[in-house]
Every structure is written in structure tokens, then in C-alpha cells.
Amino acid sequence: MTTEPYISVKDIHKSFGNAEVLKGISFDIAKGEAVCIIGPSGSGKSTLLRCLNGLAAVDRGSIRIGNHNVHAIKTDQDRIALRKDVSMVFQQYNLFPHKTALENIMMAPVHVLKQDKQEVEARAHALLAKVRLAGKEQHYPGELSGGQQQRVAIARALAMRPSVMLFDEVTSALDPETVKEVLVTIRELVADGLTC
């Protein structure tokens, strides 16, 4: 018995000016699978992830994630629906410096998805505990280490309850001891069955 892949990428191409970055990339990923993309700097890893999340449009080819035909998305409504299912954690934490860890996690579910604030706050507390940051709810990003900020960024992405998490070199700016903290968090997400 074969099941349809959850992510299906077929012959995608992406260029920036004369530089062809993605040259006919194809792959399938099953639901709950963890896949790593390895390559030298400038080989298109980040561009590929940005295409998967609809942050960059492909020049040709197709990307399907669940029920989303990512390559065909044209409206903000469709982009929001995709980003509810596909979250991305970046190398730079991209946390709002004037918001606490708790507020950073709550922003998108409350303001973008219009979810109940009390329910989102309870979920945000649980997510901070999940990434081993209970007690840091009222800390601002500047009061947290790099590894702690990255784990807040992971909790923020999880707050959208995605079916897929994309990680773009999330440990490259961290020291070796901090890398371990973040990798343990990602391993736990994979063990929970999240497609990564």
C-alpha cells in the first residue's frame, strides 16, 4: 500500500537574474518524516525553503504541501492558510525586541489567526515549557542567550500549530554548547511526529 507524500516537489527552477539557483529539484517527503538538506554556502538551501513556504515564487515546476499548491498561490488569504500549516524558523531569530518571549509567541495566533487570547496564552506557556524555557515568559529577547532566543523562535513557530516546520540553518550563529540545546528541541519535535 502506497500513501501519497505530504510534500511533493517536482522539477522546480528558480533564478535570480542570470544566476540559476534551483535547477530542476524534485523530491517527496512523507508526513512525520525529518529531512536534512546539505550543501555548501550559496547552493540554494535557503532559497528552496523559502519556495516551500511561499516566501519566494518558483519560476517553474510545482510544490504541493498537504492541500496547498504552493507554486500557484496568488492571494494573501492563501498565503496565510499555507503559513498556518508550514512554519519556518530562521537563522536570525527575528524576534521583536520590544516584546517579551510570551508576547512574541502569542502575536501571530492572536493577530493573524484571530484566536482567543486566553487560549493562545495558555498554549504559549506550554510551548515555552516544551522548549525548556518555563520561567522566561516575561524576559525580552535582549535578556536571553542566543540559544534561548532560538528556542523562543521555535516556540513561536509552533504556536501556529503547523503540520510542517522548516529550519533554515538555525544553529549556525550559535556556540557549540548552545547548539546542543536547540538540536535537542528539534529532535523532540521529530520524535513527536512533526514533519521537519
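What counts and how
Residues numbered from 1 in each chain as written. Predicted model: local features only at pLDDT ≥ 70, side-chain atom pairs only at ≥ 80, totals over all residues. Heavy atoms only, no water. 1 Å grid on protein atoms, 1.4 Å probe; cavity = no way out; pocket = protein on both sides within 12 Å on 5 of 7 lines; lining within 4 Å. Points joined across faces, edges and corners; volume = space filled by probe spheres on them. Helix = DSSP H or I, 4+ residues; strand = E, 2+ residues; numbered from the N terminus. Nonpolar A, V, L, I, M, F, W, Y, C, P; charged D, E, K, R; others polar. Axes fitted to C-alpha atoms, helices over the stretch in contact; angles between N-to-C directions. Parallel < 35°, antiparallel > 145°, perpendicular 65-115°, else oblique. Left-handed = near helix turned anticlockwise from the far one by under 90°. Contact = heavy atoms within 4.5 Å. Buried < 20%, exposed > 50% of the residue type's maximum accessible area, 1.4 Å probe, protein only. Expected span 1.5 Å × (residues − 1). Arc of directions from axis to C-beta.

1. Some points on the layout of surface pockets
In this model, the largest pocket occupies a volume close to 770 Å³. Of all the secondary-structure elements, those providing two or more residues to the lining of the largest pocket are β2 (19-29), α1 (45-52), β6 (164-167) and α6 (176-191). Per-element tally for the lining of the largest pocket: the top contributor is β2, with 5 residues. Per-class residue counts for the lining of the largest pocket are 23 nonpolar, 4 polar and 3 charged. Roughly 550 Å³ of internal volume is contained in the second largest pocket. If you trace the second largest pocket, you find 20 residues lining it, with Arg83, Met88, Ala108, Arg156 and Met160 closest to the centre. If you list the elements that add at least two residues to the lining of the second largest pocket, you get α2 (76-85), β5 (86-89), α3 (101-112) and α5 (146-158). Here the lining of the second largest pocket is built from residues that sort into 13 nonpolar, 4 polar and 3 charged.

2. Considerations on the packing of α5 against α6
At their nearest, the axes of α5 and α6 sit 8 Å apart, and the two run at 20 degrees to each other. The pairing of α5 with α6 is recorded here as roughly parallel in orientation. The hand of the α5/α6 crossing is right-handed. Between α5 and α6, the contacting residues are Gly146, Gly147, Gln148, Gln150, Arg151, Ile154 and Leu158 on the first element and Thr178, Glu181, Val182, Thr185, Ile186 and Leu189 on the second.

3. Topic: the side chain of Ser87
With respect to the secondary-structure elements, Ser87 resides in strand β5. Using a relative accessible area of 5% as the deciding quantity, one classes Ser87 as buried. Discounting chain neighbours no more than four positions away, the residues touching Ser87 are Ala157, Met160, Pro162, Val164, Met165 and Leu166.

4. Digging into α1
Every α-helical turn comprises 3.6 residues, leaving residues that sit three or four positions apart pointing alike. Burial within α1 is extensive, with 6 of its 8 residues counted as buried. The elements touched by buried residues of α1 are β1 (7-16), β2, β3 (60-65), α2, β5 and β6. Positive backbone phi, approximately 75 degrees, marks Gly54, located one or two places after α1.

5. So, the environment of Pro162
Mapped onto the secondary structure, Pro162 falls in the loop between α5 and β6. According to the relative accessible area criterion, Pro162 is buried, its value standing at 11%. Between the C-alpha atoms of Pro162 and Asp85, which are 77 residues apart in sequence, the distance is 4.2 Å. The contacts of Pro162, once residues within four sequence positions are left out, are Lys84, Asp85, Val86, Ser87, Ala157 and Leu194.

6. Re α6
Spanning 16 residues, α6 covers 22 Å between terminal C-alpha atoms, matching the ideal 22 Å at 1.5 Å per step. When α6 is considered as a whole, its buried residues turn out to be Thr178, Val179, Val182, Thr185, Ile186 and Leu189. Burial along α6 is one-sided: seen end-on, the buried residues are contained in an arc of 130 degrees. Turned more than 90 degrees away from the buried face of α6 sit Pro176, Glu177, Lys180, Arg187 and Ala191, all of them exposed.

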